[in-house]
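Summary of structural features
Listed here are the chains, written in short residue letters.
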Protein chains: 2
Amino acid sequence: MLSRTIITDPGDPRLDDVRDLNHSDTRPDLPGGKGLVVAEGPLVVTRLLESRFPVRTIVGFKNKLDSFFEALDPTLQTQLEGVAIYEVTRDTLAEVAGFDMHRGLLATADRAEEPTVAEVLDGAKTVVVLEGVGDHENIGSMFRNAAGMGVDAILFGNGCADPLYRRVVRVSMGHVLRLPFAHLEGTYTTWQRSLAELSEAGFHLVSLTPDPAAEHLEDALAGKDKVALLVGAEGPGLTEHAMRATDVRARIPMAPGTDSLNLATSAAIAFYERDRSQRHL
Amino acid sequence: MLSRTIITDPGDPRLDDVRDLNHSDTRPDLPGGKGLVVAEGPLVVTRLLESRFPVRTIVGFKNKLDSFFEALDPTLQTQLEGVAIYEVTRDTLAEVAGFDMHRGLLATADRAEEPTVAEVLDGAKTVVVLEGVGDHENIGSMFRNAAGMGVDAILFGNGCADPLYRRVVRVSMGHVLRLPFAHLEGTYTTWQRSLAELSEAGFHLVSLTPDPAAEHLEDALAGKDKVALLVGAEGPGLTEHAMRATDVRARIPMAPGTDSLNLATSAAIAFYERDRSQRHL
């Protein structure tokens, strides 16, 4: 039986990791001014324990902690060494977190150093490159879909939101904690150079665009060994600069007079086509 | 110049159509106890004017009404006959609607009688049949994706949420007002009979399932003239009863140890494959 501490005082500083969660995305007291990694619910907390991120605390209601530890894979027990486990009531947690956390179980971890771009590309066959994607929900869905459909890694270009933001972790169902990601260097020039390096590493660079003049996704992906799929923000899409640096512009056929698909949905279709294109090789 | 009435009193009964919008999904004063159709923002309000639903009121801030009517296609002017147009301030609208409506433009319409199942099937080649889909966001995304990818109609089986709920209209970007839909008869037995009728009408019935033993979507859809794609709720999926009534169970290939895709995303991939399967005929 793991040792737990019952905390009843919402002001207890040991609960600071989960304090004001709606306003904790920037934490000047932490390295880089960014918040901790926060996992909510048993599935995502389990994925946090399996991840490379060093877990700090697990906080939950009595019954939620009971069932979580009862169901936990014994091989993950060693991950719990040094982790503080706090039992709280629903009211106490609501006061600390700033809203009613009906799931009643969460965990925090320190951020870990990112792998390098070279490390995530090593052995990868399919990667996604995001440009200017600032929407947390879209990034979360992207990770969920990418993990589910055999994408090897996600690379972040200019102007993207923080992939370890709490909402991304939740929407991704914890896959952002598992699927490798790395940031391409941040300035425009270095980012362009990174794309060139992807090309040199043998990746066929494909821009996803609603442009009706682009090639059908099927043709753009047919017979390629390694593919890097570039995806831009919903609305503006990829910059012309980014698209020029790619080998081909690919579109999903759309009915006339309709709107382009949601970003994560478009990408999911491209992941499907990528998998399908390798099916009959 | 269209005649507008400026209303400053939030208690004015002429604004009742847009009162308490967060709690207006059931309106016992209206036929069937259901709320009005509510469109938000210029794009969706335009689609409401283009639709079969009889528009009652347009409500907006002065500048939003100005720009909306300035940009409105002249052919839609006749749709405005008999429509009440109310100009309100942001504060007044917030008090009436119950929250800050920053978009500043909305319209309401009466519900219109649904087309019959036979009417929506007439000439249709690709239809979706939903079972037990209670999530408004999923239904909204389904309409947006279906409209964008050439699906002809959506049919509602047992246990689905109201497609004309305000959130569905918004998430669908107004496509629920354009894409034909109809409800299959509601009891289990009649619903099964409806599926049999779809078969008799020449539709190849395809169940979408995460079951790894199902056929690859590519094989399930190859060479079919008319397809009805059955989609169940996220989590439970289609009932075994529904799946038994179909010709084939189809899956999207997933990486081991991952979660199934979001419902609307899975369906979008199936719409893509359906379109792709007809590309080389």
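As shown above, the structure is provided for reference.
These notes cover the structure that comes with them. (Residues numbered from 1 in each chain as written. Chains lettered and ligands numbered in written order. Predicted model: local features only at pLDDT ≥ 70, side-chain atom pairs only at ≥ 80, totals over all residues. Heavy atoms only, no water.)

The helix and strand tally for chain A stands at 10 helices and 12 strands. A globule of 281 residues ought to have a C-alpha radius of gyration of about 19 Å, and chain A, at 21 Å, matches this closely. Overall size of chain A, expressed as C-alpha extent along the three principal axes, is 60 × 35 × 35 Å. Within chain A, the proportion of its 281 residues that are buried is 53%. Contacts in chain A between residues at least 24 apart in sequence constitute 79% of all its contacts with a sequence separation of at least 6. Element-wise, carbon and sulfur atoms account for 50% of the exposed surface of chain A, whose accessible area totals about 12,200 Å². For chain A, the distance from the average position of its 28 positive side-chain charges to the average position of its 41 negative side-chain charges is 3 Å. (Helix = DSSP H or I, 4+ residues; strand = E, 2+ residues; numbered from the N terminus. Rg over C-alpha atoms; globule rule 2.2 N^0.38 Å. Buried < 20%, exposed > 50% of the residue type's maximum accessible area, 1.4 Å probe, protein only. Contact = heavy atoms within 4.5 Å. Areas by Shrake-Rupley, 256 points an atom, 1.4 Å probe, with all protein chains shown as cover. Lys, Arg positive; Asp, Glu negative; His and termini not counted. Charge placed at Lys NZ, Arg CZ, Asp CG, Glu CD.)

Here we take up the sheet that holds strand β4 (residues 84-87) of chain A. All names here are of chain A. Strands sit in the order β1-β4-β3-β5-β2 across an open sheet of five strands; the sheet is mixed. If you trace the sheet from one side to the other, it starts and ends with β1 (5-6) and β2 (37-40), each paired once. Here β2 pairs with strand β5 (residues 105-109) via four bridges, running antiparallel. Directly across from E40, in β5, lies its bridge partner L106. Packed onto the sheet, helix α2 (residues 62-71) meets β3 (55-60), β4 and β5 and runs at close to 125° relative to β3. (Pairing = 2+ DSSP bridges. Axes fitted to C-alpha atoms, helices over the stretch in contact; angles between N-to-C directions.)

Right, let's talk about helix α5 (residues 136-148) of chain A for a bit. Residues and elements named next belong to chain A. Relative to the 18 Å expected for 13 residues at 1.5 Å per residue, α5 spans 18 Å between its end C-alpha atoms, a close match to the ideal helical length. Of all the 13 residues making up α5, 11 are buried; the element is thus mostly covered by neighbouring parts of the structure. Within the sequence span of α5, burial applies to N138, I139, G140, S141, M142, F143, R144, N145, A146, A147 and G148. With a side-chain oxygen lying 3.2 Å from the backbone nitrogen of E137, the N-terminal cap of α5 falls on D135. (Expected span 1.5 Å × (residues − 1). Polar contact = N/O pair within 3.5 Å; in protein donor to acceptor, adjacent residues only side chain to side chain.)

Attention now moves to the nonpolar core. Counting residues in each nonpolar core, the largest one holds 117 residues, and the members touching the most others are A:I58, A:I154, B:I58 and B:I154. Those residues in contact with A:I58 that lie beyond four places of it in its chain are A:L65, A:F68, A:F69, A:L80, A:V83, A:A84, A:I85, A:Y86, A:L105, A:L106 and A:A107. (Core = buried A, V, L, I, M, F, W, Y, C linked by side-chain atoms within 4.5 Å.)

Of the transformation superimposing chain B on chain A, the axial component is 0.0 Å and the angular component is 180°, with the fit at an RMSD of 0.0 Å. Read as a symmetry element, the transformation amounts to a two-fold axis. The share of interface residues of chain B whose copies in chain A are also at the interface is 100%, consistent with both copies meeting through the same surface. (Least-squares fit on C-alpha atoms with pLDDT ≥ 70 in both.)

Right, let's talk about the pattern of salt bridges for a bit. Following the criterion strictly, the structure yields 42 salt bridges over all chains and no others. A:E40 is the partner of A:R170 in a salt bridge, and the nearest nitrogen-oxygen pair spans 3.6 Å. In this pair, A:R170 is assigned in helix α6 (residues 166-171) and A:E40 in strand β2, connecting sequence segments 130 residues apart. Here A:E40 falls in the buried class, since its relative accessible area comes to 8%. Here the salt bridges do not stand alone but share partners, grouping A:E218, A:D219, A:E273, B:R276 and B:R279 into one network. (Salt bridge = Lys/Arg side-chain N within 4 Å of Asp/Glu carboxyl O.)

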